[in-house]
Every structure is written in structure tokens, then in C-alpha cells.
Amino acid sequence: MKLITPPQKTRSAHRRWLHALPLPVLEAGLLLSWSSGFVGARFSIDYAPALLVVFWRCVVITLLLFPFVYRSLLKTPFWLWAKHAGIGLLAMAGYMLGVTQGIAFGVPAGLAALCADMLPLGMALLAAAFLGERLGRRVWLGLVIGMAGVIGTTYGALSMGNAPLWAYALPIAGMLSLAIATLWQKRIRDAHTLPLLPNLWLQCFVSSIAFAVIEGRQHSLVPPPSVGFALSVVWTVTLPTFGGYGLYWLCLRRSSATRVATVLYLSPPITMLWAWAMFDEPLSWQMAVGMAISTVGIRLVLRAERRHAHADAA
């Protein structure tokens, strides 16, 4: 009889925990947490530069998680470290730098957010162009309809601004960076995937170095002594990072990359609900219509994916 080693037991318990909650519940938590990141950015700009906040966000998470993950990390081969570090740089540092630096160079925040919301389409195009993956017509139709709903939701906040022409490529590059990281993570075999917390620690660790290098060239990395800055860091540590990125990778292990990204089409209207509740920003009928259109697109994608899964099972 073959004995089960402690690492195998850990992985088995981890998989049971991953499947304990229904996927729609995890996706609802992902939407709530992911949209809170834009609210955190909106709150923090009054107290410090955006990159300084995300730098300290990564530092705090690195310090908090280290006592819980260092044993697992010591057993991890260097090549696996390097692979997940690369994914983390693309998913966290690349994505945040693209969006925040685009806004810093004059790209309107609404337009930068719209570029970030193009993640499902960007991921589908990358998968088709470089991985040879083929999506059905209904999936493409759902992606286009979902994007139309996002545009309808954010239309009132869109403007071209006066940024240099090259600066408009930064939010798109950030979106593509997250798309590449998502597809890369999805193609890694389960046996070569770090557990969720060590993976999150490693991503925050390497991203903190990137943020320190870039922000340190422009401003001091010393945190300003203000309650607002401290609250901004606490907010971004808890909801957008533990909740947003944590649930993003968790949902990715439970479903397809297309489904996870498509569900995020609902993040703009939820972000506006956050802004209404916290900053008393007005709601509009456009938001409701855009949310309804995005929901139609998401349902088309989910139905097509279920049919594809049933066909594969058959």
C-alpha cells in the first residue's frame, strides 16, 4: 500500500477547499472585491501618489503572509519560483503600472478603466492569435455584447483628454499584461501550481520591487504620516488584493479563463455603486442599461461554455 506523503495530503486538502464553495458565490465575491480596487484608487489619490499606495500595499501583504508561507516556499524549486514570479510581474505590476501611469500622463480615468475592462476581448484575441485556441461564435458574440454594455455603462465618464498619443497605449498594455499572465497561469499544470497564499505572496514580493524601482525614481518611498494614507493601504490590502487577486486566481483554477474574464464585465456598474455609496456620486439610467446588456453577453458566454463542457464530457 502506497503511503501518502504530507505534501500530497496538503494538496488534497487544498483541492477540497477549492471546491467547497459554489463557483457563482466565488464570482460574486470576485466582482465585489475587484471593483473595490478602483474605489480604493479614487480614495487614495487625495493622500499619496497611486504607485506609492500600491507599493506599500504589496509590502504589507509580503510581511503579513511570510510567516504562513515560508515553509512552502522553501520547498519550491527555483524554476517554479521564476515561473510564478513572471506571472506575478505581468498580472500585478504590469497591469497596475499600465493603468496608473496612463492616468498619470493625462489619459482620462474613465478611458483608462475602459481599456482595462477590455480584458475578455484581449484575452480571446491573444489566445486565438498565439495559442491557436478557437472560440465559438456565441462566445465571440457574448464578448462583444458584454463590451458594448461596459461602453454604455461608462459612456458618461469617457473623454479623450490631452495626453500624448503614446500614453493611450499604456492602459491597453496593462490590460494585455494581465491577459498574458492569465493565459500563462491557466496553461500551468496543477502539479506545477503553487498554493494560493504562497503564490499571492510571491506576486506581491516581486511587484513591490518593481514599484519601488519606478516610484523611487520619482518620489520618496517613505509613507506620509496621515490616517487617510493608512486607510488607503488597509483598504487595498484587504479587498482588492486578498479578495480581488486572491479570488481571481481561485476562480481561474475552478473554470476557464474566458469565463473568469467575462464575469468582470459587471465590475464597472458595481464600481459605480461603490462610488455612489461611498462618495455620493450620482447613478444614471445608462448604468442600468449597460449592466443589463453586459449581463446578456455574460449569459451567452456561460451558456456556450457549458455546452462545450458537456460536449467534451460526452
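For the structure itself, consult the block above.
Now for a look at the structure at hand. Keep in mind that this is a model prediction, so the values were computed, not measured.

A word on the overall build of the protein chain. What the protein chain contains, in helices and strands, is 13 helices and zero strands. The burial tally for the protein chain puts 47% of its 314 residues in the buried class. Sequence-distant contacts in the protein chain: of pairs separated by 6 or more residues, those separated by 24 or more amount to 91%.

The interhelical angle for the contact between helix α4 (residues 78-104) and helix α8 (residues 169-187), taken along N-to-C directions, is 160°, at an axis separation of 7 Å. When the axes of α4 and α8 are compared, the pair comes out roughly antiparallel. Like other packed secondary-structure pairs, α4 and α8 cross with a definite hand, here left-handed. When α4 is examined against α8, the residues Lys83, His84, Gly86, Ile87, Leu90, Ala91, Gly94, Tyr95, Gly98, Val99, Gln101 and Gly102 are found in contact with a partner set consisting of Leu170, Pro171, Gly174, Met175, Ser177, Leu178, Ile180, Ala181, Trp184 and Gln185. The residue makeup of the contact of α4 with α8, split by class, is twelve nonpolar, nine polar and one charged.

To continue, consider a positive patch on the surface. On the surface, a cluster of positive charge is contributed by Arg138, Arg299, Arg303, Arg306 and Arg307. No other element matches the four residues that helix α13 (residues 285-313) contributes to the positive patch. Position of Arg306 among the secondary structure elements: in helix α13.

A full pass over the atoms with the stated rule returns one cavity of 30 Å³ or more. Of the voids in this model, the largest cavity is the one considered here, and its volume is about 80 Å³. In this structure, the largest cavity is lined by Trp34, Phe38, Tyr95, Ala116, Asp117, Leu119, Pro120, Leu178, Ala261, Leu264, Tyr265 and Ser267. If you list the elements that add at least two residues to the lining of the largest cavity, you get α2 (23-44) and α6 (119-130). Residues of the lining of the largest cavity, tallied by class, amount to ten nonpolar, one polar and one charged.

As enumerated under the stated definition, the model contains eleven aromatic pairs in all. With 5.9 Å between their ring centres and 40° between their planes, Phe66 and Trp201 make a pair best called tilted. With Phe66 in helix α3 (residues 50-74) and Trp201 in helix α9 (residues 196-216), this pair connects stretches of sequence that are 135 residues apart. For Phe66, a relative accessible area of 43% translates into the label partly exposed. With a centroid separation of 5.4 Å and an interplanar angle of 80°, the aromatic rings of Trp235 and Trp274 are classed as edge-to-face. Taken together, the residues span a long stretch of sequence, with Trp235 in helix α10 (residues 227-254) and Trp274 in helix α12 (residues 267-279) at a distance of 39 residues. Classification of Trp274 as buried rests on a relative accessible area of 17%. Among the aromatic residues, those joined into a cluster by ring pairs are Trp34, Tyr95, Tyr245, Tyr248 and Trp249.

With respect to the secondary-structure elements, Gly243 resides in helix α10. Residues Gly243 and Leu26 lie 217 residues apart in sequence; the distance between their C-alpha atoms is 9.9 Å. Those residues in contact with Gly243 that sit more than four places away from it in its chain are Ser33, Thr238 and Tyr248.

Between α4 and α9, the least distance of the axes is 8 Å, while the angle of their chain directions is 55°. With respect to their mutual orientation, α4 and α9 come out oblique. The handedness of the crossing between α4 and α9 comes out as right-handed. Together, Trp81, His84, Ala85, Ile87, Gly88, Leu89, Met92, Ala93, Met96 and Leu97 of α4 and Asn199, Leu200, Trp201, Leu202, Gln203, Cys204, Val206, Ser207, Ala210, Phe211 and Ile214 of α9 make up the contact between the two elements. Along the lines of polarity and charge, the residues of the contact of α4 with α9 split into 16 nonpolar, five polar and no charged.

On to helix α5 (residues 109-116). For α5, the tally of buried residues reaches seven of eight residues, placing the bulk of the element in the interior. Among all positions of α5, only Gly110, Leu111, Ala112, Ala113, Leu114, Cys115 and Ala116 are buried. Contacts from the buried residues of α5 go to α2, α4, α6, α7 (137-154) and α8.

So, about the nonpolar core. Core analysis: the biggest nonpolar cluster contains 84 residues, and Leu119, Phe211, Tyr245 and Tyr248 have the highest contact counts within it. By residue number, the principal contributor to this core is α3, which donates eleven residues. The contacts of Tyr245, once residues within four sequence positions are left out, are Trp34, Arg57, Ala91, Met92, Tyr95, Met96, Leu200 and Pro240.

This next bit is on the layout of surface pockets. Taken as a whole, the largest pocket holds about 1,300 Å³ of empty space. For the largest pocket, the lining is made up of 48 residues, of which Phe38, Ala41, Arg42, Ala109 and Ala113 are closest to its centre. Taken together, the elements giving at least two residues each to the lining of the largest pocket come down to α2, α3, α4, α5, α7, α10, α12 and α13. Take the lining of the largest pocket: its biggest share by element is eight residues, from α2.

Criteria and cut-off values
Residues numbered from 1 in each chain as written. Predicted model: local features only at pLDDT ≥ 70, side-chain atom pairs only at ≥ 80, totals over all residues. Heavy atoms only, no water. Helix = DSSP H or I, 4+ residues; strand = E, 2+ residues; numbered from the N terminus. Buried < 20%, exposed > 50% of the residue type's maximum accessible area, 1.4 Å probe, protein only. Contact = heavy atoms within 4.5 Å. Axes fitted to C-alpha atoms, helices over the stretch in contact; angles between N-to-C directions. Parallel < 35°, antiparallel > 145°, perpendicular 65-115°, else oblique. Left-handed = near helix turned anticlockwise from the far one by under 90°. Nonpolar A, V, L, I, M, F, W, Y, C, P; charged D, E, K, R; others polar. Patch = residues over 30% accessible without salt bridge, like charges linked within 9 Å, V, L, I, M, F, W, Y side chains within 5 Å. Areas by Shrake-Rupley, 256 points an atom, 1.4 Å probe, with all protein chains shown as cover. Salt bridge = Lys/Arg side-chain N within 4 Å of Asp/Glu carboxyl O. Lys, Arg positive; Asp, Glu negative; His and termini not counted. Charge placed at Lys NZ, Arg CZ, Asp CG, Glu CD. 1 Å grid on protein atoms, 1.4 Å probe; cavity = no way out; pocket = protein on both sides within 12 Å on 5 of 7 lines; lining within 4 Å. Points joined across faces, edges and corners; volume = space filled by probe spheres on them. Phe/Tyr/Trp six-rings, centres within 6.5 Å; stacked < 30°, edge-to-face > 60°. Core = buried A, V, L, I, M, F, W, Y, C linked by side-chain atoms within 4.5 Å.

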